[in-house]
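Chains, contacts and geometry: an overview
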Amino acid sequence: MTEPAGPRDALRPTVVVDSVSVNYVVRSESGHRRRRLFAGSGSTEVIHALQKVSLVVNAGEVVGIVGQNGSGKSTLLRIIAGLETPASGQVYAVGSPILLGVNAALIPELSGRDNVTLGLLAMGMSRAEIAEATPDVLSLAGIGRAINRPMKTYSSGMGARLRFAIAAAAHPEILLIDEALGTGDAASKGRSAERIEQLREHAGTVFLVSHAAQTIEESCSRAVWLHDGAIIDDGPAPDVARTYRWWAWCVAKGEHARAEQVLADRRAAWVPVQVVSRPERRDRSAAIVRRERS
Amino acid sequence: MSTWDSPTDEPTRERVRRTQVSLAGLHPVGRRLPLGAYLRELARYRAFIAFEARSRLLTANRGMILGNAWLVGRPLIDGATYFLFFGVILQASRGMANYPGFLIIGVFLFAFTASSMRAGLGAMTGGRNLLRAFAFPRAVVPLSMALRETLNQIPALVSMAVMLIVLPPHALPRWSWLLVPGVVVLATLFNSGLVLFLARLTSHVPDLSVVIGMITRLLVYGSGVMFSLDRFITHPQWLAVLTLNPVYVILDLARQLLLDGIIPPVHQWALLGVWAVGSLVVGFVYFWAGEEGYGRD
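First, a word on what this report is: a plain description of the structure on this page. Just so we're clear, the structure is a prediction, and the values are computed from it rather than from any experiment. In this numbering scheme, every chain counts its residues from 1 along its sequence in written order. Written order determines the labels here, with chains lettered from A and ligands numbered from 1. Thresholds applied to this predicted model are a pLDDT of at least 70 for local features of residues and 80 or more for the giving and counting of side-chain atom pairs; totals over whole chains, interfaces and linings are not thresholded and use all residues.

**Points about the overall build of chain B**
- Counting its secondary structure elements, chain B contains 12 helices and 2 strands.
- Think of it this way: any DSSP run of H or I at least four residues long counts as a helix, any run of E at least two long counts as a strand, and we number them from the N terminus. Secondary structure of chain B in N-to-C order comes out as β-β-α-α-α-α-α-α-α-α-α-α-α-α.
- Our radius of gyration looks at C-alpha atoms and nothing else; its globule reference is 2.2 Å times the residue count to the power 0.38. On C-alpha atoms alone, chain B measures out to a radius of gyration of 25 Å, which is more than a quarter above the 19 Å that the 2.2 N^0.38 rule sets for 297 residues.
- Looking at chain B alone, contacts between residues at least 24 apart form 76% of all its contacts between residues at least 6 apart. C-beta atoms are first placed from the backbone for all residues, and any pair lying within 7 Å is then listed as a contact.

**A look at the packing of helix α2 (residues 112–122) of chain A against helix α2 (residues 46–59) of chain B**
- Interhelical geometry of α2(A) versus α2(B) gives an angle of 140° and a closest axis separation of 9 Å. In terms of crossing hand, the pair formed by α2(A) and α2(B) is left-handed. Contacts between α2(A) and α2(B) pair Asp114(A), Thr117(A), Leu118(A), Leu121(A) and Ala122(A) from the former with Ala47(B), Phe48(B), Phe51(B), Glu52(B) and Ser55(B) from the latter.
- Its residues assigned to classes, the contact of α2(A) with α2(B) comprises 6 nonpolar, 2 polar and 2 charged. For helices, the fitted line uses only the C-alpha atoms of the stretch in contact; every axis is such a line through C-alpha atoms, and the angle between N-to-C directions lies from 0 to 180 degrees. Each crossing gets its hand from how the near helix is turned against the far one by less than a right angle, where anticlockwise is left-handed and clockwise is right-handed. Amino acid classes used here: Ala, Val, Leu, Ile, Met, Phe, Trp, Tyr, Cys and Pro are nonpolar; Asp, Glu, Lys and Arg are charged; the rest, including Gly, are polar.

**A closer look at the nonpolar core**
- Ile80(A), Leu176(A), Phe207(A), Ala223(A) and Ile250(B) are the most contacted members of the largest nonpolar core, which totals 149 residues.
- With 16 residues, helix α4 (residues 99–126) of chain B is the single largest residue contributor to this core. Definition of nonpolar core: a set of buried Ala, Val, Leu, Ile, Met, Phe, Trp, Tyr and Cys residues joined via C-beta atoms within 7 Å. Residue burial here comes from a neighbour count, namely the number of other C-beta atoms, placed from the backbone, that lie within 10 Å of the residue's own C-beta, with 20 or more meaning buried, 12 or fewer meaning exposed, and in between meaning partly exposed.

**A look at helix α11 (residues 246–260) of chain B**
All names here are of chain B.
- Spanning 15 residues, α11 covers 20 Å between terminal C-alpha atoms, matching the ideal 21 Å at 1.5 Å per step.
- Burial runs high along α11: 13 of the 15 residues are buried.
- Directly beyond the C-terminal end of α11, a positive phi value near 65° is found at Gly261. Working rule for helices: expected span equals 1.5 Å times residues minus one.

Structure (structure tokens):
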């Protein structure tokens, strides 16, 4: 934004995740079955949802995040969206990242049209911007006259299309999509897929969380593999997705020794990133992001 | 566990890739804004607060056959119940010319504060989905709750006025009634501060909601909802303390205006004004200070 446009514009960082850790303290009931007077007096367990995760993402990248359940994918997305504050570390971003999850603001008893207004207001759009954006949202959602019916009467497909259309209308510079939020299926099809492509071309950055390595391979340029809250691979989407798929296949087939071997190989090869803030107005000719192995 | 994420674990090999990044044009995400910037950001969401509060209120009765007629119907039934019991069955007067009117004003205006307190208790858990989807200032959620409660009061206050006129002994409209909206505005400011304060308090310590329920009950007795304080409390110090209580002042101002046709003394208005502004400022700053902790697991 403030950097001059030029041949290196493609390497303009839009999201910088700097050594982010997230911990959840949960009460554990394992061990003695003794009754306790106070729920809080039981043993507590700290879950390291993210451990010193660092990541630099540039304009125009579509980053897929893969990993098994509980590996921290959704947590990472919420941290990037600014919905949670990490225990340590910091995320820097251009503009306001938007998490594709407007369903949270929508009211099932309200008509589709009123829900469009509500969803757009929730993303911070003004009344004037909403009046301008609404026709586009309606045509992208493509649910015709049903737009005046309460949203709870919609089929799940119609609902998903409307939610996606609302989120995409904000023209976010950074769009975060979590398939677990039930909007991903719509996002990967037809008009919606075109729209993601459009968003990306607008120098946007897209993050996509999915269990399905196939989806990541097809729609992303880069993929990050999270395992137990830490990054263990980061690179071109096909490479990362293939390794992840091989590992997931081994796990599914019960070949745990092989799966462990895949993880061990990945960890041995993986070199974590350390973000170093480059002082501004110094050496402008240097690459915006320079990676060096020291 | 992961040994590879820490360079110190393997002293023989440098296990980290240093990436130089220019943070020009980027800003920190998920950090609490300073108070002034927070207020400006909050102002951007005022249309959302209004639309959300109105939509949730108007759709709350969708399942009912009579629909939104219940916005008026519920308070009417409430008031009629009290009138039936105290006015018709007990024929209580408690030494007052219009005891049913006294009671109806007490019950209705107390309900405004009590329901605001309940809204504050559940605000952050009820709004959890919103908090997990949007990065707006967190005060949007309790403020929308406070506005919904206020909008809910408008039909209730209109039915209160209708009942005062219709039910014997009739209290007929006078010029002093025109000042009642002033009391309602001050009560709204006071209650909104209460919602913000309780929203943060119970989001960190949910157990406190039990204590708050007890405080609400104490307030019923300590604010003269059902009886006149000076008739039953003979201890002068206690009486002095209780007449400073904001809920008592709200009820007393409304009763003077509606039943007695008296313009209340300036010191009572000033007292409620101090409570209203104080509650809003304290509630807001307290809520804002906890901004980074809401909506977590």
